[in-house]
Amino acid sequence: MSEPSQDWQPDRYQQHAGFVAVLGTPALELLNPRPGERILDLGCGDGVLTEKLVAAGCQVVGVDAGADMIAAARARGLDAHVVDGHALAFANEFDAVFSNAALHWMTRPAEVVAGVHRALKPDGRFVAEFGGHGNVAAIRTALIAVLGRYGIDGAALNPWYFPTPDEYSALLRAAGFEVHSAELIPRPTPLPTDVGGWMDTFADSFFATLSLQDRASARAEAVDLLRSVLCDSEGRWTADYVRLRFSASRLD
Ligand code: BEZ
């Protein structure tokens, strides 16, 4: 899940985004892991879901681009490695590749899908869920609007890839997969803190070019802009998540 452009702090991640692993259950169910299967968890983060695959009796390798996240995963006793998802070097060795809330950080998807295809045994499954078309649209719009006030093209700083099911299915087919299902699922997601905490955890790249003082002001302006659409009268924040969940298998 972790891109080097984002400062990943496992403790902060747990505080503001502990829901990510909890809400990964439907993707795990679609994977339907079987005891003894060898599974690659692509973008394993701090390993909370990876542990569930191990508990299901699978032999799991976790990979993630974030060194701090991999340290947290290893602290759970997992077989986890710092690897860029665009450059997977595995060949014909996994029964399945699983990924939750990570593929949207990998902005050269053809390279990712090619590496997953190589990593799988023939007939191996690729099952994942990540941000799909329209994901966090209000948050992105607010960030872009606020950065515009500082003379910055926020759209050019967008670190995420949120495709439609058609677009991602075409990529999968071109790489040699059969696509069994691919659907877009709106999933408004209650935040444990507020959208400022969410931005601190996930949106570094939008703020990176601002001075520290401007960063604090821009963050506050974005939170203010979003209050009327993402915060209810009780002060509870909900992020406008849209998931793309798919199941595919290696054809050749
Ligand atoms: C997501 O899970 O959809 C997501 C998480 C962080 C940043 C952007 C999207």
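Above this note sits the structure.
**What to know about the site of the ligand**
All residues adjacent to the ligand are His104, Trp105, Asn135, Trp160, Phe162, Trp198, Phe202, Tyr241 and Arg243. In this structure, an oxygen atom belonging to the ligand sits 2.6 Å away from a side-chain N or O atom of Asn135. The separation between an oxygen atom of the ligand and a polar side-chain atom of Arg243 is 2.7 Å. In isolation the ligand has 260 Å² of accessible area, and contact with the protein removes 98% of it. Mapped by element, the contributors of at least two residues to the shell around the ligand are α9 (195–202) and β7 (238–250). Partitioned by chemical class, the residues of the shell around the ligand number 6 nonpolar, 2 polar and 1 charged.

**Remarks on the sheet that holds strand β3 (residues 80–82)**
Within the open sheet, the 7 strands sit side by side as β3-β2-β1-β4-β5-β7-β6. Their pairing is mixed. Unpaired on one side and paired on the other, β3 and β6 (177–190) mark the two borders of the sheet. Each neighbouring strand pair of the sheet contributes to a mean axis angle of 15 degrees, computed without reference to strand direction. On the sheet, helix α4 (residues 48–55) packs against β1 (38–42), β2 (59–64) and β4 (94–100) and is oriented at approximately 170 degrees with respect to β1.

**Overview of the environment of Trp237**
Relative to the assigned elements, Trp237 resides in the loop between α11 (212–230) and β7. Of the residues examined, Trp237 reaches a relative accessible area of 5% and is grouped as buried. Linking Trp237 and Pro190, residues 47 residues apart in sequence, is a C-alpha distance of 5.9 Å. Excluding anything up to four places from it in sequence, Trp237 contacts Thr189, Pro190, Leu191, Thr193, Asp194, Val195, Val223, Leu226, Arg227, Leu230 and Cys231.

**Describing the side chain of His117**
Within the secondary structure, His117 is located in helix α6 (residues 109–119). A distance of 3.3 Å separates the side chain of His117 from the backbone oxygen of Gly176, its partner in a polar contact. Other than its neighbours up to four places away in sequence, His117 contacts Ala175, Gly176, Phe177, Arg250 and Asp252.

**Points about the packing of α9 against α11**
At a minimum axis distance of 9 Å, the contact between α9 and α11 shows a crossing angle of 125 degrees. Classified by the angle between their axes, α9 and α11 sit oblique to one another. Here the hand of the crossing between α9 and α11 comes out right-handed. Residues Val195, Gly196, Gly197, Met199 and Asp200 of α9 form the contact with α11, whose participating residues are Arg219, Ala222, Val223, Leu226 and Leu230. Residue classes in the contact of α9 with α11 are distributed as 6 nonpolar, 2 polar and 2 charged.

**As for the packing of aromatic side chains**
Per the counting criterion, the structure on display carries 13 aromatic pairs. Judged by centre distance (6.4 Å) and plane angle (35 degrees), the rings of Trp105 and Phe202 are tilted. On the criterion of sequence distance, the pair formed by Trp105 in the loop between β4 and α6 and Phe202 in helix α9 is long-range, its members being 97 residues apart. You can call Trp105 buried: its relative accessible area is 3%. Following the ring pairs from residue to residue traces out a cluster consisting of Trp105, Trp160, Phe162, Trp198, Phe202 and Phe206.

**Quick look at the environment of Tyr168**
Its place among the elements puts Tyr168 in helix α8 (residues 165–174). Separated by 24 residues in sequence, Tyr168 and Pro192 have C-alpha atoms that sit 30 Å apart. Among residues more than four places away in sequence, those in contact with Tyr168 are Leu103, Pro109, Val113, Phe126, Phe130, Tyr161, Pro163, Leu244 and Phe246.

**A few points about unusual backbone geometry**
Unusually for a residue other than glycine, Asn32 sits at a positive phi of about 50 degrees. Considering the arrangement of structural elements, one finds Asn32 in the loop between α3 (25–31) and β1. Residue class for Asn32 comes out partly exposed when judged on its relative accessible area of 44%.

Calculation rules
- Residues numbered from 1 in each chain as written.
- Predicted model: local features only at pLDDT ≥ 70, side-chain atom pairs only at ≥ 80, totals over all residues.
- Heavy atoms only, no water.
- Near = heavy atom within 4 Å.
- Polar contact = N/O pair within 3.5 Å; in protein donor to acceptor, adjacent residues only side chain to side chain.
- Areas by Shrake-Rupley, 256 points an atom, 1.4 Å probe, with all protein chains shown as cover.
- Helix = DSSP H or I, 4+ residues; strand = E, 2+ residues; numbered from the N terminus.
- Nonpolar A, V, L, I, M, F, W, Y, C, P; charged D, E, K, R; others polar.
- Pairing = 2+ DSSP bridges.
- Axes fitted to C-alpha atoms, helices over the stretch in contact; angles between N-to-C directions.
- Contact = heavy atoms within 4.5 Å.
- Buried < 20%, exposed > 50% of the residue type's maximum accessible area, 1.4 Å probe, protein only.
- Parallel < 35°, antiparallel > 145°, perpendicular 65-115°, else oblique.
- Left-handed = near helix turned anticlockwise from the far one by under 90°.
- Phe/Tyr/Trp six-rings, centres within 6.5 Å; stacked < 30°, edge-to-face > 60°.

Everything listed here is a matter of geometry and, on its own, says nothing about what the molecule does.
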